[in-house]
Amino acid sequence: MLRIDQVSKVFYPGTVNEKTALEDINLTVSRGDFITVVGSNGSGKSTLFNLISGTYPVTGGKLLIEGKDVTSTPEYRRAFTIGRIFQDPTKGTAAKMSIEDNLITAYSKGMKGLRISLNAEKRELFRKELKQLSMGLEARLKDNVGLLSGGQRQALTLLMTVLSRPKMLLLDEHTAALDPRNAQIVMDLTMQFIDKYELTALMVTHNMQHAIDFGNRLLMMDEGKIILDLSAEEKKSLTVPKLVKLFKSIKKKDYVSDEDLLTE
Ligand SMILES: Nc1ncnc2c1ncn2[C@@H]1O[C@H](COP(=O)(O)OP(=O)(O)OP(=O)(O)O)[C@@H](O)[C@H]1O
Ligand SMILES: [Mg+2]
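Computed from a predicted structure; not experimentally measured.

Cut-offs used in this document
- In this convention, every chain numbers its residues from 1, walking through the sequence in written order.
- Each chain is given a letter, starting from A, and each ligand a number, starting from 1, according to the order in which they appear as written.
- Residue-level local features of this predicted model are given only where pLDDT is at least 70; pairs of side-chain atoms are given and counted only at 80 or more, and the full residue set underlies all totals for whole chains, interfaces and linings.
- Excluding hydrogens and water, the side-chain figures rest on all heavy atoms present in the structure.
- When DSSP finds two or more bridges between two strands, those strands count as paired.
- Here a strand is any run of E in DSSP of at least two residues, a helix any run of H or I of at least four, and the numbering for each starts at the N terminus.
- Axis lines are fitted to C-alpha atoms, over the contacting stretch for helices. Their N-to-C directions set the angle, which ranges from 0 to 180 degrees.
- We call two residues in contact when some of their heavy atoms are within 4.5 Å.
- By this rule the span expected of a helix is its residue count minus one, scaled by 1.5 Å.
- Each residue's exposure class comes from its accessible area (1.4 Å probe, protein chains only) as a fraction of the maximum for that residue type: buried when under 20%, exposed when over 50%, partly exposed otherwise.
- Note on ring pairs: Phe, Tyr and Trp rings are taken, using the six-membered ring of Trp, and paired if centres are within 6.5 Å. Classes follow the plane angle, with under 30 degrees stacked, over 60 edge-to-face and the rest tilted.

A.B. asks: Sorry, what's going on with the sheet that holds strand β10 (residues 225-231) here?
C.D. replies: By definition, the strands of a sheet pair up through backbone hydrogen bonds, in either a parallel or an antiparallel sense. The six strands are arranged β6-β7-β8-β3-β9-β10 in an open sheet whose pairing can be described as mixed. Sheet topology places β6 (82-85) and β10 at the edges, where each strand pairs with a single neighbour. Direction aside, the axes of adjacent strands within the sheet are offset by 15° on average. With five bridges connecting them, strand β7 (residues 168-172) and strand β8 (residues 200-204) associate as parallel partners. In the sheet register, methionine 168 faces β8, and the bridge partner there is threonine 200. Strands in contact with helix α6 (residues 180-196) are β3 (34-39), β7 and β8; relative to β3, the strand with the most contacts, it is inclined by about 140°. Lying on the sheet, helix α9 (residues 240-251) is in contact with β9 (217-222) and β10; it crosses β10 at an angle near 140°.

A.B. asks: What is the right way to read helix α3 (residues 99-110) from this model?
C.D. replies: Each full turn of the α-helix corresponds to 3.6 residues, which orients residues three or four apart in the same direction. Here α3 spans 17 Å end to end across 12 residues, near enough to the 16 Å set by a 1.5 Å rise per residue. Among all positions in α3, only Ile99, Glu100, Asn102, Leu103, Ile104, Ala106, Tyr107 and Ser108 are buried. Buried-residue contacts for α3 involve α4 (120-131) and α5 (150-163). Positive phi shows up at lysine 112, right after α3, with a value of about 55°.

A.B. asks: Would you mind going over the pairing of β6 with me for this structure?
C.D. replies: The two faces of a sheet get side chains in turn, since along a regular strand they alternate between them. Here β6 shows no split at all, with Ile82 and Arg84 on one side and Gly83 and Ile85 on the other all buried. Inspection of the sheet shows β6 paired to β7 by four bridges, in the parallel sense. By the bridge assignment for β7, isoleucine 85 is matched with leucine 171.

A.B. asks: Can you walk me through the sheet that holds strand β5 (residues 68-69) in this structure?
C.D. replies: Taken in spatial order, the four strands line up as β2-β1-β4-β5 in an open sheet, and their pairing is antiparallel. Of all strands in the sheet, those with a lone pairing partner are β2 (19-29) and β5, marking the two edges. Where strand β1 (residues 2-11) and strand β4 (residues 60-65) come together, five bridges link them in antiparallel fashion. Across the sheet, the residue bridging to isoleucine 4 is leucine 63, located in β4. Of the strands in this sheet, β1, β2 and β4 touch helix α1 (residues 45-53), which is tilted by about 115° from β1.

A.B. asks: What's the story with the packing of aromatic side chains in this structure? I'm lost.
C.D. replies: Here a ring pair, both rings aromatic, is described through the centre-centre distance and the interplanar angle of the planes. In total, this model carries three aromatic pairs according to the counting rule given. Geometrically, the ring pair formed by phenylalanine 11 and tyrosine 56 is edge-to-face, given 5.5 Å between the ring centres and 85° between the ring planes. Of this pair, phenylalanine 11 sits in strand β1 while tyrosine 56 sits in the loop between α1 and β4, and the two are 45 residues apart along the sequence. Given a relative accessible area of 24%, phenylalanine 11 falls into the partly exposed group. What makes tyrosine 56 partly exposed here is its relative accessible area of 34%. Measuring from ring centre to ring centre gives 6.0 Å for tyrosine 107 and phenylalanine 126, while their planes differ by 75°; the resulting arrangement is edge-to-face. Separated by 19 residues along the polypeptide, tyrosine 107 in helix α3 and phenylalanine 126 in helix α4 bring together distant segments of the chain. For tyrosine 107, a relative accessible area of 15% translates into the label buried. Owing to a relative accessible area of 0%, phenylalanine 126 belongs among the buried residues under this scheme.

Right, dumping it as structure tokens:
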């Protein structure tokens, strides 16, 4: 599904601000994988997503999606394959547009960018889809998205993302800004959609328990490298203290605080 071949990213190369955010990353993601990604602040998790989505060009290396070299494919074209959700619930939706207009935009993207008109049939489809969110949004098609709560907005973003028919989801701490109840709702919906649409997913989280409980593989990043890659089998016997201990032993530093990994 996705192959990352010796990828690196250096910001401001050759200047005093030069920063190596990713160093020689190799990763193969299989179809249907759900990979959780953990690592301390600044370890390169979001940068990795920015390179996969094409938001930033790579400094070195290659990216292949379904065997096709996409290293120089622009972001908007990769967006037909890759759906991305951010921590900030306001990022994935247009506040000044109605729920139905947001949905038709996402739906059109799923039709490879064809402009699809909003008619009774589409409204019915959207009502049905919105119902799955169990947030009462099916009765509010004409409301502007700016009126919604953070949790409602993130759930809508998730629905819009799957309606745009991506093959892969990149979730960057997408429940971190929500209260525990809404975080749980959005996480449940995420699992439901991944299952229903057979998506391949990568999810960055600072919630170690989530990293352990969800998915079939766990990556830990540190200082621009993947320092740990655990299989579903290895994850089974994992606990949060064990994961923190692994982090410390790889870092070979006793003074590494648990918070380095556990901050949210
Ligand atoms: N656009 C940019 N310009 C310059 N430096 C950047 C840019 N984006 C990221 N960096 C730097 O690259 C490094 C990795 O950042 P990144 O955002 O990928 O970390 P992260 O693992 O997502 O951290 P967090 O958990 O805080 O979100 C950091 O040192 C960061 O300052
Ligand atoms: Mg980040």
